[in-house]
Amino acid sequence: MWPSTVAVDTLGRDADLLLFFVIGILAGAHCLGMCGPLVSTYAERLTADRDQRRRDRITVADVRQHGLFNLGRTAGYAAVGGMLGLVGGLVVEATAITPVASAIRGSVGVVAGLLIVAVGIGYLLRGTTVTGGLTGLPLVGRGFRLVTGVLTARVDRLVGSPKIVGLGAVHALLPCPILYPAYLYALVVGDPLRGALVLGVLGLGTIPALLVYGLAIGSLSVGHRTTLHRAMGVAFVALGYLPLAHGLMLFGVALPYPNVPFYQPL
Amino acid sequence: MSGCTLCDLALPADPATDAAVAGEYCCRGCLEVARTLDDADPAETDPAAVERETAVADAEGAVTYLSVDGMHCSTCEVFLESTATDHDGIAAAAASYATDTMQVVYDEDALTVPEVADRLSVAGYEATQRSVTDRQEAASPTAAFLVGGGFFGMMTMLWYVLFIYPQHFGFAPVVEFGAFGRLYLLSQLWLFASIVLFYTGFPLLRGAYVSLRAGQPNMDLLVSLAAVSAYLYSSAITVLGGIDVYFDVTVAIVLAVTAGNYYERGVKRQAVSLLSDLGGARVEEARTRDGDRVSVDAVTPGTELLVRPGERIPLDGTVVEGVAAVDEALVTGESVPVTRRPGDQAVGGGVVTDAPIVIEVGADATSTLDRIVGLLWSVQSARPGVQRLADRLATVFVPVVVAVAALAVGATLVTGGTSTGALLVGLTVLVVSCPCALGLATPLAVAAGVQRAAEDGIVVASETLFETLPETDVIAIDKTGTLTSGRMTVTQALVDDEAAIERAAALERYSTHPVADAVVAHAAADGPARDDGDAAARRASVASDGGRAAGSEGTTPTVDTAAVTVEPTGVVGPVHGDRTVVGHPDLLAAAGMAVPDRFEQRAAEATAAGAVPVLVGWDGRCRGLFVVADEPRATWGDTVTALSDGDRDVVVLTGDDEAAAASFADHPDVDEVFAGLPPDGKVAAIRRLRDRGRVAMIGDGANDAPALAAADVGIAIAGGASLPADAADAVVTDGRLAPVPTLFGLAAGTRRRVRQNLVWALCYNAVAIPLAALGLLNPLFAALAMAASSTLVVLNSGRRLVPRN
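Residues numbered from 1 in each chain as written. Chains lettered and ligands numbered in written order. Predicted model: local features only at pLDDT ≥ 70, side-chain atom pairs only at ≥ 80, totals over all residues. Heavy atoms only, no water.

Draft legend 1. Region of interest: the overall build of chain A. Scanning chain A for helices and strands turns up 11 helices and 0 strands. Along chain A, helices (α) and strands (β) appear in the sequence α-α-α-α-α-α-α-α-α-α-α when read from the amino end. Every one of the 266 residues in chain A was classed for burial, and the buried ones make up 50%. Looking at chain A alone, contacts between residues at least 24 apart form 82% of all its contacts between residues at least 6 apart. (Helix = DSSP H or I, 4+ residues; strand = E, 2+ residues; numbered from the N terminus. Buried < 20%, exposed > 50% of the residue type's maximum accessible area, 1.4 Å probe, protein only. Contact = heavy atoms within 4.5 Å.)

As C-alpha cells, then:
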C-alpha cells in the first residue's frame, strides 16, 4: 500500500530510527531546561580553578569534557534500551508457545502504542511535560538518587577527567518524561540490538542542541522551548502509532503500516 | 505566572513536590535533578588556584602600557600574553582586545620599552608605547585587498557559470575543450583561487595561525579551515582528473567574510568620527611664579607655579598665595567649586575659576589627573575582552567538525572505499563546515546596530557591548554631570524686594565664580525673580561668562566699578549709591547686615542639602536669597525608571556628600546611593557591585573613566573631556541622558539579530554536512545553498532594529 521506491523503502525500514532522531533533536530543548542546571553545575566546577580573568571563556578542553559527557549519556541510554529490549524479547519468547501469544503481543503493542500516543498528545496540547503514572515510578527515582548520590559527592574529581562519562551515563536513570516513552518502545520492540540502537540515536539527536546551546548561545527562552515540545509531541504520536498499528494488526485490524523490521508477522 | 522551579516551563494542575526539596516542579524528573543539585557537595576551593589569579598584579618589575594594533578577539589576547611571557625579561602580561591595549611587567635592566614593543610586534600585530594624547584610531582596512580579490573572484565565478555548473545540470559545457582543455580551465581557476586565498585571505590565514598557536579556536580558524580544505581538495581533484572542484567555495568564503568585516569596520569608523575632538585634559605646560612657561615634566618638587583663572592646575600641591574657587568636578566629581586658601591642598587637574593662585608643587610632583589616567590604563588593560559569540561557536564547532570529518574518513575506509576516496570525503565535510553566512552573521548584525545607535547620537566604540549590555544586572550612574547638568544654576529664589536680583547680578558680574555666573544668568533670563521657573529657558538665553544678554528688560543698576571688591565668598560694592553685599551669609554678617530668620533658615536648609545659598542685602539688611545648585536634568526621573525596567538595580555614585544626593535616593527606582566617594572610590564601588552580577556604568567626568573601564559596560555622556570617551564602550555624543535606555533595547535587538543570523547559517550546515558525509554533495549544490543562506543573513540584517524615536 505504500508506493515502493528505494527512498520510501529505506524510510520505511528505519522509520523508527528516523523518528527517534527527530525526537532527539526536538528534545534537546527539553534537556536544556531540565538537565541544563545540572550541566551548568558541572561546568562551573570545571572552570572553578581557572584564571579569574578568563573564567567566562570556553576552551577546547571544555568542549572535550562536554563531548565526553554527552557521549556517556548516549551510551547510558543505549545500554538501558538494550536491557529493556532484552527483557521484552525474553517475555515475547516466553509467551511464544502459549496459544494466546499473538493476543498478548498484540495487546502489549496496543497498550504501549496508546500510551506513547497519549504522551505525544499531552506534549502537543500542553507544550510541557506530562505528569502521572508514567513519570512517577518510585523505583527508578530511588535508583537514580542512589547512583547520583555516589557520584555528586565526587563531582569535582569527576568533571575534570574523562570519568565525566560516568556522570553522563547516570543520566539514563533520570526520571525523564521523554526517556520513559522511549524505554517503553524499546521494551516492546523485543530486541536488545534494536533497543540499544533506537535509544542511542535518540541520545545522538539531543547532542547538537545541548552542545551548541549549552556552550555557545546560552539558554533558550520558554516560548521557544514550548514550541519545540509541541513539535516533539507530534513526533511521539507518530512513534506511538508504530506499536499500536502492529498490535492491532495482530488482532486482525489492518492499518497502513511501514516496513519496520522485527514487526513482520511471521 | 510562575513555572517549574527548575526548568521554567508551565506547571501542570498538580505539580510534583517533595518535603525534602523546596519548590514546585513540572515532573518528577525536574524534582530529582533539583534534589541532586542540592545534594552536590560545595566546591572545594583550591588554594593553588587563588595564587595563580593575580599574575600581573603580583609580578615584580616596571610596568608599561602598550597600544596594540590588530587584536580582534579573545584568542589574540591569549596569543600575545603567552608570546610576551615566553621572552626572558618579561615577567607578566595582560592584554585586552576590546581596548587594543596591553599591560606588561618587565625587567627594566634587561629591556627598554621600545624593545618590549618590538618583541610583541609579531604575526602582524603592532605594539607601540601608549600615550594619552593620541586617540585610538582603528587601522583603516585597505580596499586594495578587496578590489583585487573581487576581480579574481568574479573571474572564477564566470568560469564556473560558463563551464562547470552546466555539467552538473546535465547540459553540455559551452565550449568543448577535451582532455587538455580541462587542465587549462582548472589551472586558471586554481590561479585565481590562489590569489584570492593567499592575498585577500591573508588576514584570515594569519588569524588562524594565531589561533592554532594559542590553542584557542576562533572564527578565523573555522573560516580558514573551510577555505583551505576546499582549496586543497580542488587542487587534488585537478591533478587526479575530476571536475568536482570547489574553488568557488574558497573564493566565496574568503570574499564574503572579508567584505563583511570591511563593511563593519567602515561603519564603526564612521561612527567614531562623530566624536569630535574633545580636548585632551592633560596639561603640558606650567607657568612659574614669575610668569615663565616651563614644561610640566621638568617641574621639580617645591617649585612654585602660578595658575590663572580659567587654567588647569598642572600638578598636585599646596596653595601658598591667593584664594580662589577651584572646580574639581573633573577629578573628584564634586559639583560645587571648592574654595582653596593658603595652606590647602590643590588637586592637579582642577580648574581655577575666579582668582589666580600660586601653588607649591608637592613632594612627588604628580597630578591627580595623571593618577586617574594611570588607574584607567591599569584597569583597561587588565580586563580581558569578552569572548565573542561567534568565537565561542567556533570553539565548539571546530573540534566537532574535525571529529565528524575523521569519522567520515574512517567510515569510508571501513566500508571499502579507497584511501583517496576517504580523504576526499573527509575534506568535503571540512569544505562545507563553514558557509560564508557564519562569517557574515556577526559583522552584518553589529554594523546594523552601530549604525542605528549613531542615528541616535550614540557612538559604539566596542561591539562586545551588544553581547554584554542585555545581561546587565546592576546599573551604576554617576551623579554630577550625568544625572545633573553639571552646571550651577539658581534653583530657588526668595525675595523681599523685586530689585534684589538685579542688584545681585550687577555685583556678581564682577566675579568669575561659577555661583556668580549662575546668579547673573538667572537675572538675564527673566527680570523679576520667581520661586519656580524653567531653568533651561533661563540658561539658554545667557552667555555663560556672565555678560549681559542684549535686550534684557529693566533698568540696569548703576554700579561704581572702582569701589567694587570681590571677596572669596561674595562681592561688595555700591549699587545706586547704596552699599550692597551679595554672597555667603557670613559675608553679610561681617558687613553688619541683619539676616531675618526666614532667610537664615532657608540658607541653612540649602547648605544642608548640599547647595549654595546666595544672600543679597543693602540698607542694613538682607533682602533676597537665591539657592544655587547643580541642577538635575529634567528627564532624569524618567530615564532612571526606564533603566530599572526588567529587574535591574540602579545605584547612584557620587563624590558629593549624602545630603546633596538625598533627592536622588528618594526616587522609587533608585536602589542605593554611594555618596562621598573619593576619586579612586568609584572603581572600588564598581568592583564590589560586580559581585552582584554584570554592571553597567554611566558617567561623564574624567574621574569616572577608571570606573567606566572597570564596569562590564561603560557608557559615557560626552561632556568635553576625552578621557571618559576613551574608557567607555559607548559614548552619547550630544551630552543627553535620555538616549541611554534606547541603547539597552538596541543592544538586545542586535544580539537577537546575531543569534538569528547564526541559526540561519547553522541550518545550512545541518543540511550540508550530512550530505557531504554521505558523499552526495556537488559544487553546484554547495554554492547554491551557501548563496541562499548568505542572502538570508544579509536580508535579516537589513531589517529595522528598533523603531525610530
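Alright, that's what it looks like, and here's the rest.
Draft legend 2. Looking closely at the confidence of the model for chain A. Predicted confidence across chain A gives a mean pLDDT of 74, with 69% of residues reaching 70 or more. Taken together, the stretch residues 132–136 of chain A has pLDDT below 50 and engages in 8 contacts with residues farther than four places along the chain or on a different chain. (pLDDT = per-residue confidence, 0-100.)

Draft legend 3. Main features of the sheet that holds strand 9 (residues 304–307) of chain B. All names here are of chain B. The antiparallel open sheet is built from 4 strands, whose spatial order is 9-15-10-13. In the strand order of this sheet, the two ends are held by strand 9 and strand 13 (345–346), each with one partner. Note that strand 9 and strand 15 (residues 357–361) share 4 bridges and pair antiparallel. Following the sheet pairing, L306 is matched in strand 15 by V358. (Pairing = 2+ DSSP bridges.)

Draft legend 4. Layout of the pattern of salt bridges. Residue and element names in this part refer to chain B. This model, assessed by the stated rule, comprises 19 salt bridges over all chains. Notably, a salt bridge pairs R287 with E311, separated by 2.4 Å at the nearest N-O pair. Residue R287 is found in strand 7 (residues 285–287), and its partner E311 is found in the loop between strand 9 and strand 10 (317–321); the two are separated by 24 residues along the sequence. R287 gets classed as buried once you look at its relative accessible area, which sits at 11%. A residue is classified by how much of its surface remains accessible, and E311, at 26% relative accessible area, is partly exposed. A salt bridge links R340 to E328, with the nearest nitrogen and oxygen atoms 3.1 Å apart. Here R340, found in strand 12 (residues 338–340), pairs with E328, found in the loop between strand 11 (324–327) and helix 11 (329–332); they are 12 residues apart in sequence, far enough to count as distant. (Salt bridge = Lys/Arg side-chain N within 4 Å of Asp/Glu carboxyl O.)

Draft legend 5. Region of interest: a nonpolar patch on the surface. Residue and element names in this part refer to chain A. Taken together, the side chains of F21, I25, L71 and L204 present a nonpolar region at the surface, about 350 Å² in accessible area. Locating L204 in the fold gives a position in helix 10 (residues 192–217). Relative accessible area serves as the criterion here: at 43%, L204 is assigned to the partly exposed category. (Patch = residues over 30% accessible without salt bridge, like charges linked within 9 Å, V, L, I, M, F, W, Y side chains within 5 Å. Areas by Shrake-Rupley, 256 points an atom, 1.4 Å probe, with all protein chains shown as cover.)

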